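Geometric and topological summary
Next come the chains, spelled out residue by residue.
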Amino acid sequence: IADGDVDLVPLPTKKVRPHGVVVSPDGSAWAAAAGQNLLLRVNQPGMSITEIRTPNANSRFRRIVATSDNNIWYADYELGNLGRYNPQNGEFTEWALPGGSDSRPHGMAVDKNDRIWIVETGREPNNLVGFDTETGSFRTQTPIPSGAGSVSQMHYYEAAGEIWFATGTNYIGRAKVH
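Read on for an overview of the structure. Every value quoted in this text rests on a predicted model; they were computed, and no experiment measured them.

The next subject is the side chain of N81. For N81, the position within the fold is in strand β7 (residues 81-86). N81 gets classed as buried once you look at its relative accessible area, which sits at 13%. Contacts of N81, omitting those with residues within four sequence positions, involve Y74, A75, D76, E94, W95, A96, L97 and P105.

As structure tokens, this is what we get:
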């Protein structure tokens, strides 16, 4: 591909609606399927797609992140779970979010310590939740004062140890995470 060129890859399954996209540390590109219980891996070279079906047919994802060990993490908007897919052995592990099945997790980020940060948008006010991938436990829960409406986009800024996010209530937010 030359500078400025765009490659589009058709997906094998209809109505997948890819949402979040991430490139893992090993260079693999992944996408979340908002319309199916699928993770999508882009195989390079050639740009073919591997669809990886998650354990629960009712799962729906908005965002995904990758940790330094190349595991893919997803926030299950429909069921209120945080999930991990290990590409090395094909195993899935899931944890119920503190807000339960109505938590509606949307925005997601990962920090330099491989902690996962998720916003539960089904709660008023929204709740910023921190998950320690090393211990497999939720460590923090912080209400977002604006109510947040919905936090869908988050970005971790390592130099300052902050998560930046946009809210559906006309605010830009910043959370110090270390």
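In this section: a nonpolar patch on the surface. A contiguous nonpolar patch, built from Y157, W164 and I172 and spanning about 340 Å² of accessible area, is present on the exposed surface. Along the polypeptide, Y157 turns up in strand β13 (residues 154-157).

The next point concerns the sheet that holds strand β14 (residues 162-166). Across the sheet, which stays open at both edges, the three strands sit in the order β13-β14-β15 with antiparallel pairing between neighbours. Strands with a single pairing partner mark the edges of an open sheet, and in this sheet they are β13 and β15 (172-176). Adjacent strand axes in the sheet meet at a mean angle of 20°, parallel and antiparallel pairs treated alike. With four bridges joining them, β13 and β14 adopt antiparallel strand pairing. The partner of Y156 across the bridge, within β14, is I163.

What follows covers the nonpolar core. Counting residues in hydrophobic clusters, the biggest one holds 12 residues: A109, W117, V119, L128, I144, V151, M154, Y156, I163, F165, A175 and V177. Those elements that place two or more of their residues in this core are β10 (115-120), β13 and β14. Other than its neighbours up to four places away in sequence, A175 contacts L128, G161, E162, I163 and F165.

You can see L40 is positioned in strand β3 (residues 38-43). Overall, L40 belongs to the buried group, its relative accessible area being 2%. The spatial distance from the C-alpha of L40 to the C-alpha of N70 is 14 Å, given a sequence separation of 30 residues. Not counting residues up to four positions away in its chain, the partners in contact with L40 are L11, V16, P18, A29, W30, A31, A33, I49, T50 and E51.

Applying the stated criterion across every chain, the model contains eight aromatic pairs. Relative to W95, the ring of W73 lies with its centre 5.6 Å away and its plane at 20°, an arrangement referred to as stacked. Of this pair, W73 sits in strand β6 (residues 72-76) while W95 sits in strand β8 (residues 91-96), and the two are 22 residues apart along the sequence. Of the residues examined, W73 reaches a relative accessible area of 1% and is grouped as buried. Put simply, the rings of W30, F61, Y74, Y85 and F92 touch in pairs and so form one group of aromatic residues. One cation-aromatic arrangement involves R62 over Y77; the distance from NZ or CZ to the ring centre is 4.1 Å.

Reading guide: rules and limits
Residues numbered from 1 in each chain as written. Predicted model: local features only at pLDDT ≥ 70, side-chain atom pairs only at ≥ 80, totals over all residues. Heavy atoms only, no water. Helix = DSSP H or I, 4+ residues; strand = E, 2+ residues; numbered from the N terminus. Buried < 20%, exposed > 50% of the residue type's maximum accessible area, 1.4 Å probe, protein only. Contact = heavy atoms within 4.5 Å. Patch = residues over 30% accessible without salt bridge, like charges linked within 9 Å, V, L, I, M, F, W, Y side chains within 5 Å. Areas by Shrake-Rupley, 256 points an atom, 1.4 Å probe, with all protein chains shown as cover. Salt bridge = Lys/Arg side-chain N within 4 Å of Asp/Glu carboxyl O. Pairing = 2+ DSSP bridges. Axes fitted to C-alpha atoms, helices over the stretch in contact; angles between N-to-C directions. Core = buried A, V, L, I, M, F, W, Y, C linked by side-chain atoms within 4.5 Å. Phe/Tyr/Trp six-rings, centres within 6.5 Å; stacked < 30°, edge-to-face > 60°. Lys NZ or Arg CZ within 6 Å of the ring centre and 35° of its normal.

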